[in-house]
Amino acid sequence: MSTIGVDLGTSGVRAVAYDEQGEQIAAAAEKTTLKRPREGWVVVDAEAVLQSAESLLAAVAAEAASRGDQVRAIALSSQGEAVVPVDRQGRALSLAPVSRDARGELAVQAMSKRFGAERVQQITGQPLNRMFSVYKLAAGDDAWRPPAASAYRALSDFITTRWGAAPAIDWTLAARTGLFDVDATDWSAEMMAAAAVDAPWLAEVPFSECVPSGTPIGTISDEAAERLGVPYGTALVAGAHDQAASFIGAGGKAGSVSTFALGSSDCLTVETSQRPAGIGGTGFATYPWRPERWLTLAGTAAGGWTLDWYVALTGVADADALLSESSPEPSPIIVLPYLAGSGTLDNDPTGRGAVIGLTLDHSRAQLTRAFLEAAGYELGSIVAAFTATGVPVGHIRAVGAGANNPTTLGIRASAGGVPLTPASGNASARGAALLAGVGIGLFDIDDLPSITLGTTADPDPNTVDWYTQQRQTYRDLYRVLKPFNQRFEVGHPTKGQSSYASPDARHDARRS
Amino acid sequence: MDLLVGVDLGTTACKVTVVASDLTASSISSSPYPIAAPHREWAEQDPRAWGEAVDTTVQRALDTVGASSRDHVTLSITGQMHSLVLLDADGNPVRPAILWADRRATAECAMIENQVPDVVAITGNPPLPAFTLPQLLWVRRHEPDVLSRSSHVLLPKDYLRWRYTGRVVTDWTDASGTGMLDSATREWSTTILSALEIDPELLPPVADPISEGGVVDGGASPALQKARTAVGVGDQFAEALSAGLTHAGDMAIILGTSAVVLGVSNHPVPGSFCHAQSDLWLRLDSLHAGGKSLQWLRDLLAPGESLASFTSVAMSAPPGARDLLFLPFLMGERGARGGGAPGAFVGLSTEHGRDDLVRAVLEGVAFELRRLQQKRGTPLPTDVLTLKGGGARSELWCRIVSGVFGLPYRTTRRDAAYGAAMTAGVSVGWWPSWQSVPPLNDPIDESGLADVAILSDRYARYCAVVDALTPDS
């Protein structure tokens with residue numbers, strides 16, 4: 001008997017089957033293509049993601065079947081924020097803007113003025129930030145409005161409804177739309193009304209129903225079962241936002257174990273039994289995934305993405321080889337890794353990156369190390385911020401592709417001043433598969449199968465003092481350069497423009 | 001026929017330019033000679049290796065134009081400034097030359113500032129490890145036997161001319177880079193020499209660069225026999241002369257490994273050295289990592305690629321490099337106390353590609369040159385900016401510098417070796433004065449002015465970021 005988790009990541013789709021002990025039995029993955037149709041826009045084709053998920057799921061189910069295994073339930077973990085309008089048949093009417101798509105900037109400004117960032121964060125648990133779906137919906141053209149659009153779907157419920165599930169979205173992914181009331185665990189009428197002032201269609205096009213992660217949401221249609229090669233009646237279960245799924249998959253626990261996902265974005269995920277107080281005003285995002293189980297997320301928008309950018313810049317084909325050749329000594333160079341906006345600690349989407357302290361004597365190995373250290377500096381700052389608000393982080397398990405290299409993980413641990421223990425396998429797909437098992441009663445939510453851990457990377461005791469100082473310098477440099485980031489943004493005529501601009505925002509744009 | 005021979009003794013190789021009476025010029029460069037670094041931050045060369053390279057290259061250059069012993073040849077040598085050459089009584093080098101790039105003499109600089117509080121007022125410049133005086137004091141302290149065997153302190157070009165003519169003499173341009181010359185009187189400063197107990201007998205007499213430097217006696221090439229020589233100038237001055245900087249207010253920029261703003265003044269201003277003309281002074285404001293910044297980025301991102309091809313990728317980046325700024329302080333900020341601003345890229349996003357980074361470096365160097373020019377109060381020319389050096393072969397870089405300074409530009413193929421030949425020409429009366437040397441007639445390019453608005457916006461931002469990142473600012 002197995003359950004399958006399908007992970008819809010920013011850079012790729014992955015399907016993994018797990019047995020009753022939570023051990024992986026089959027896996028398949030492929031890359032996703034992001035498109036940039038115009039400056040500031042970053043989109044993914046939801047229909048292509050569906051096709052990818054189907055072919056990978058079929059391959060994994062076939063492999064499981066070849067071992068005499070039967071798939072019992074499927075759940076999805078998904079990147080947040082990516083939402084599409086669909087027609088009555090559930091077909092996507094537009095490309096889905098992903099997290100880093102910047103078209104929502106003007107809607108954010110309008111919301112800030114009308115409603116206030118504080119109120120937005122209080123209701124939704126998410127900071128006011130153009131990454132969230134609502135601001136992109138507000139910039140939507142005709143495809144996003146009635147009569148064409150009959151519903152809005154996140155990638156997860158876009159796919160599960162196509163497989164026969166009821167239109168249901170789990171709380172964590174609902175939260176990433178920016179319209180979910182995290183305390184009431186339902187869509188926020190207040191947010192909806194505020195957003196609808198400039199974008200009235202938002203009030204007319206429905207979202208799916210909100211349910212906790214691990215809730216059964218239907219069974220697979222016969223037609224889809226045949227197409228995917230899974231048994232008739234296979235259960236479909238509400239999954240989770242990928243960061244939440246990673247946390248669940250890697251065995252995260254309130255107070256004792258948190259997860260640090262090294263993906264396109266770097267993200268520390270910490271659990272508490274209550275909604276954490278004292279994070280208002282930061283960019284930390286919080287949501288419940290089950291009653292009395294809250295997750296708080298903090299990280300950088302471009303973690304692995306910044307590394308990918310650096311690797312591409314050097315023209316070196318083998319990224320892992322380049323990163324492994326990092327200088328063994330701490331680098332005197334400091335990188336601010338905000339190549340796609342600041343870290344969530346500062347919640348500044350206009351943030352820019354920097355490489356500071358360059359001299360002729362520095363080698364590429366030192367520069368490479370500086371890019372890796374940056375992830376550690378950011379993590380160290382985030383852990384300090386959690387600690388300051390009284391939220392215990394506990395041990396940190398590193399998950400994601402970036403966790404597999406002991407050299408680079410060790411650099412991050414030293415730079416961050418925190419031990420990092422790698423968790424093997426694909427934590428987010430595993431988390432989704434465990435939730436699928438919870439949905440059919442296979443697993444007890446309080447006693448999930450544990451994950452295999454690798455050797456802990458401890459901070460190098462010889463560099464503790466150096467890195468303590470560097471983390472301070474890192475924060476200081478961010479503060480020094482912050483004003484210039486904002487000026488950069490204003491000076492760029494194409495930034496933040498879209499087919500939508502609220503009357504307020506247009507007026508403000510002219511004035512500034 | 002009458003021929004002018006200009007020799008430029010560079011730090012890596014020498015170049016010889018022969019100018020005929022119709023002003024046609026032909027040039028030949030030597031193969032490189034090595035720089036030795038026996039210790040960290042040291043840089044030394046064997047003066048005899050210079051001599052061999054110059055002999056061979058001058059002969060090849062004269063052979064190329066078919067010169068013979070019947071021709072009237074006038075020779076002038078220019079060369080790397082500041083570097084210390086010590087000769088014994090027989091004219092043999094007693095140790096390798098300590099080069100301008102050597103950084104060992106930092107303690108000696110502090111000592112000079114301590115013992116000669118007026119050193120900047122006297123010489124125009126604070127003592128730097130690059131200068132001859134700190135190097136000489138280092139030898140006295142660490143190699144006293146070497147100094148005791150020394151009879152002459154010479155500069156590289158003066159050593160080479162001495163080899164040909166036997167006359168020990170230097171000129172006031174080169175002398176003003178030693179850290180011992182009184183910039184106003186153009187004589188060795190007795191204040192400095194006595195405060196530091198330097199024997200004046202060690203130093204050569206200081207002459208006008210166009211005065212006679214003796215007649216060649218011996219030498220490799222028959223055509224050089226009995227050739228007349230001019231005392232000559234230091235290489236930055238030869239560059240300045242070749243760029244036509246002969247009036248107060250003239251300005252040129254050299255986009256070399258270091259980038260330098262050259263500006264002419266009619267009185268000794270801080271940071272200036274003595275110009276070849278007795279009534280002018282030359283400011284040299286240099287950014288150590290000029291073209292070097294570009295080489296550095298090339299070595300990081302595309303080792304092995306030619307600099308020209310690496311630079312050309314910047315053509316696809318828009319002016320302003322998508323808001324990316326580069327601070328070119330890869331070798332520190334010259335003259336900045338407390339370390340100055342760091343080398344940095346600021347404003348990075350994942351939208352940036354290699355083209356933006358390269359363009360940001362070209363712009364960053366131009367911004368810093370503009371900042372240097374403004375900070376030091378070097379007046380801008382009213383008509384045109386002259387750009388020289390290897391970087392001036394990049395049309396893109398020239399257009400960027402032109403846009404940042406808001407002036408049309410021209411480039412010239414004339415270089416320090418040509419400037420040396422001009423010195424020879426003025427010395428033997430081809431031209432009665434520096435002002436009568438034929439001016440540059442290279443075409444003036446205004447295409448860079450299209451980007452003045454965006455570049456001046458970015459320049460203001462650049463200055464603000466440099467200030468923000470400067471410690472204790």
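Conventions and cut-offs
- Residues numbered from 1 in each chain as written.
- Chains lettered and ligands numbered in written order.
- Predicted model: local features only at pLDDT ≥ 70, side-chain atom pairs only at ≥ 80, totals over all residues.
- Helix = DSSP H or I, 4+ residues; strand = E, 2+ residues; numbered from the N terminus.
- Rg over C-alpha atoms; globule rule 2.2 N^0.38 Å.
- Buried ≥ 20, exposed ≤ 12 C-beta atoms within 10 Å, placed from the backbone.
- Contact = placed C-beta atoms within 7 Å.
- Pairing = 2+ DSSP bridges.
- Axes fitted to C-alpha atoms, helices over the stretch in contact; angles between N-to-C directions.
- Domains from an automatic or database assignment.
- Nonpolar A, V, L, I, M, F, W, Y, C, P; charged D, E, K, R; others polar.
- Parallel < 35°, antiparallel > 145°, perpendicular 65-115°, else oblique.
- Core = buried A, V, L, I, M, F, W, Y, C linked by C-beta atoms within 7 Å.
- Arc of directions from axis to C-beta.
- Expected span 1.5 Å × (residues − 1).
- pLDDT = per-residue confidence, 0-100.

**Quick word on the overall build of chain A**
Scanning chain A from terminus to terminus reveals 16 helices and 22 strands. Against the 2.2 N^0.38 benchmark of 24 Å for 512 residues, chain A shows a C-alpha radius of gyration of 22 Å, consistent with a compact globule. Every one of the 512 residues in chain A was classed for burial, and the buried ones make up 59%. Taking contacts inside chain A between residues at least 6 apart in sequence as the whole, the part at least 24 apart equals 76%.

**Points about the overall build of chain B**
If you tally the helices and strands in chain B, you get 15 helices and 22 strands. Since a compact globule built from 473 residues should have a radius of gyration of about 23 Å, the 22 Å found for chain B is in line with a globular shape. Projected onto its principal axes, the C-alpha coordinates of chain B cover approximately 65 × 55 × 45 Å. Here chain B, with 473 residues, has 53% of them falling under the buried criterion. The long-range fraction of contacts in chain B, counting pairs at least 24 apart against all pairs at least 6 apart in sequence, stands at 72%.

**Considerations on the interface of chain A and chain B**
Of the residues lining the interface, 26 residues belong to chain A; the matching set on chain B comes to 25 residues. If you tally residues by element for the side of chain A that touches chain B, the top one is strand 20 (residues 353-358) of chain A, at 6 residues. Pairing of strand 20 of chain A with strand 20 (residues 343-348) of chain B, which is carried by 5 bridges, proceeds in the antiparallel orientation. Residue pairing for strand 20 of chain B: Ile356 of chain A is matched across the bridge by Ala344 of chain B.

**Remarks on the sheet that holds strand 13 (residues 216-219) of chain A**
All names here are of chain A. One open sheet holds the 6 strands; their spatial order is 3-2-1-5-14-13, and the pairing between them is mixed. What marks the edges here is a single partner per strand, and that holds for strand 3 (24-31) and strand 13. Each neighbouring strand pair of the sheet contributes to a mean axis angle of 20°, computed without reference to strand direction. The pairing of strand 1 (residues 2-8) with strand 5 (residues 71-78) spans 7 bridges and is classified as parallel. Across the sheet, Leu8 pairs through a bridge with Ser78, a residue of strand 5. Lying over the sheet, helix 1 (residues 46-66) contacts strand 1, strand 2 (12-18), strand 3 and strand 5, oriented at roughly 25° with respect to strand 2.

**Some details on the domain arrangement of chain A**
Bring the parts together and some accessible area is lost; that lost area is often taken as the interface size. All names here are of chain A. With domains assigned, chain A is organised as domain 1 (2-244) and domain 2 (252-422 + 458-488). A straight line from the C-alpha centre of domain 1 to that of domain 2 covers 26 Å. Contact with domain 1, which involves 25 residues of that partner, is made by 21 residues of domain 2. Elements supplying a minimum of two residues to the side of domain 1 that touches domain 2: helix 3 (117-124), helix 6 (171-175) and helix 9 (242-249). Of the residues contributing to the side of domain 1 that touches domain 2, the split by class is 8 nonpolar, 13 polar and 4 charged.

**Description of the packing of helix 9 (residues 235-242) of chain B against helix 14 (residues 416-427) of chain B**
All names here are of chain B. At a minimum axis separation of 7 Å, helix 9 and helix 14 run at an interaxial angle of 80°. The angle between helix 9 and helix 14 places the two elements in the roughly perpendicular class. Along the contact surface, helix 9 presents Asp235, Ala238, Glu239, Leu241 and Ser242, while helix 14 presents Ala416, Tyr418, Gly419, Ala420, Met422 and Thr423. For the contact of helix 9 with helix 14, the per-class residue count stands at 6 nonpolar, 3 polar and 2 charged.

**Looking at the pairing of strand 16 (residues 259-265) of chain B**
Residues and elements named next belong to chain B. For strand 16, the tally of buried residues reaches 6 of 7 residues, placing the bulk of the element in the interior. As paired elements, strand 16 and strand 18 (residues 281-287) share 7 bridges and run antiparallel to each other. Residue pairing for strand 18: Ala259 is matched across the bridge by Leu287.

**What to know about the domain arrangement of chain B**
By the assigned domains, chain B splits into domain 1 (2-235) and domain 2 (245-411 + 443-473). Listed per partner, the contact involves 13 residues of domain 1 of chain B and 9 residues of domain 2 of chain B.

**Regarding the environment of Trp430 of chain B**
Mapped onto the secondary structure, Trp430 of chain B falls in the loop between helix 14 and helix 15 (452-469). Expressed as a C-alpha distance, the spacing of Trp430 of chain B and Leu4 of chain B, which sit 426 residues apart in the sequence, is 9.6 Å.

**Description of the sheet that holds strand 21 (residues 395-399) of chain A**
Residues and elements named next belong to chain A. Overall, mixed pairing links the 6 strands, which are arranged 17-18-16-15-21-22 in an open sheet. In this open sheet, the two edge strands, each paired with only one partner strand, are strand 17 (285-290) and strand 22 (420-422). On average, adjacent strands in this sheet sit at an angle of 30° to one another, irrespective of strand direction. Relative to strand 18 (residues 293-300), strand 16 (residues 266-272) is paired through 7 bridges, and the arrangement is antiparallel. Counted as the bridge partner of Glu271 is Leu295 from strand 18.

**Looking at the nonpolar core**
As a rule of thumb, soluble globular proteins bury nonpolar side chains together. Counting 306 residues, the largest nonpolar core has Ile4 and Val60 of chain A together with Val5 and Ile253 of chain B as the members making the most contacts within it. The element contributing the most residues to this core is helix 12 (residues 364-388) of chain A, with 11 residues. In contact with Ile253 of chain B, other than residues within four places in its own chain, are Ala259, Val260, Val261, Leu369, Leu385, Leu387 and Val401 of chain B.

**Topic: the environment of Pro392 of chain A**
Inspection of the secondary structure puts Pro392 of chain A in the loop between helix 12 and strand 21. As for Pro392 of chain A and Ser256 of chain A, which are separated by 136 residues in sequence, their C-alpha atoms are 7.5 Å apart.

**Re helix 2 (residues 106-115) of chain B**
All names here are of chain B. Residues of helix 2 that are buried include every one of Glu108, Cys109 and Ile112, and no others. Axial view of helix 2: buried residues confined to an arc of 105°, hence all on one face. Of the exposed residues in helix 2, the ones pointing more than 90 degrees away from its buried face are Ala110 and Asn114. Summarising the contacts, the buried residues of helix 2 are in contact with helix 3 (119-123) and helix 4 (132-142).

**Things to note about unusual backbone geometry**
In most cases, non-glycine residues show a negative phi, while peptide bonds are predominantly trans. With an omega of 5°, the peptide bond between Pro146 of chain A and Pro147 of chain A qualifies as cis. With respect to the helices, strands and loops of the structure, Pro147 of chain A is situated in the loop between helix 4 (133-137) and strand 8 (151-154). For Thr185 of chain A, which is not glycine, the phi dihedral falls at a positive 45°. Inspection of the secondary structure assignment puts Thr185 of chain A in the loop between strand 10 (180-181) and strand 11 (186-187). Take Thr185 of chain A: there are 16 C-beta atoms within 10 Å of it, and that puts it in the partly exposed class. Unusually for a residue other than glycine, His82 of chain B sits at a positive phi of about 75°. Mapped onto the elements, His82 of chain B comes out in the loop between strand 5 (72-79) and strand 6 (85-87). For His82 of chain B, a count of 24 C-beta atoms within 10 Å translates into the label buried.

**Description of the packing of helix 12 (residues 354-376) of chain B against helix 15 of chain B**
All names here are of chain B. Closest axis-to-axis distance for the helix 12/helix 15 pair is 10 Å, and the angle between their directions is 75°. For the element pair helix 12 / helix 15, the angle class is roughly perpendicular. For the pair formed by helix 12 and helix 15, the contact residues are Glu363, Phe367, Arg370 and Arg371 on the first element and Arg458, Tyr459, Tyr462 and Cys463 on the second. Class assignment of the residues belonging to the contact of helix 12 with helix 15 gives a composition of 4 nonpolar, no polar and 4 charged.

**Considerations on helix 12 of chain A**
Residue and element names in this part refer to chain A. The end-to-end C-alpha distance of helix 12 is 36 Å, a good match for the 36 Å that 25 residues give at a rise of 1.5 Å each. With respect to burial, helix 12 is a largely interior element, 18 of its 25 residues being buried. Among the residues trailing helix 12, Gly390 stands out with phi positive, at a value near 85°.

**Thoughts on the confidence of the model for chain B**
On average, residues of chain B score 93 in pLDDT, and 98% of them reach the 70 mark or higher. Here the predicted complex scores 0.83 on pTM and 0.83 on ipTM.

**Overview of the environment of Asp63 of chain B**
Residues and elements named next belong to chain B. Following the sequence through the fold, Asp63 ends up in helix 1 (residues 47-64). C-beta crowding within 10 Å serves as the criterion here: with 13 such atoms nearby, Asp63 is assigned to the partly exposed category. For the pair Asp63 and Pro222, spaced 159 residues apart in sequence, the C-alpha to C-alpha distance is 9.9 Å.

**Quick notes on the confidence of the model for chain A**
Summarising the model, chain A shows a mean pLDDT of 90, and 94% of its residues fall at 70 or more. Low confidence marks residues 489-512 of chain A, where pLDDT is under 50. Its contacts with residues over four positions away, or in another chain, come to 34 contacts.

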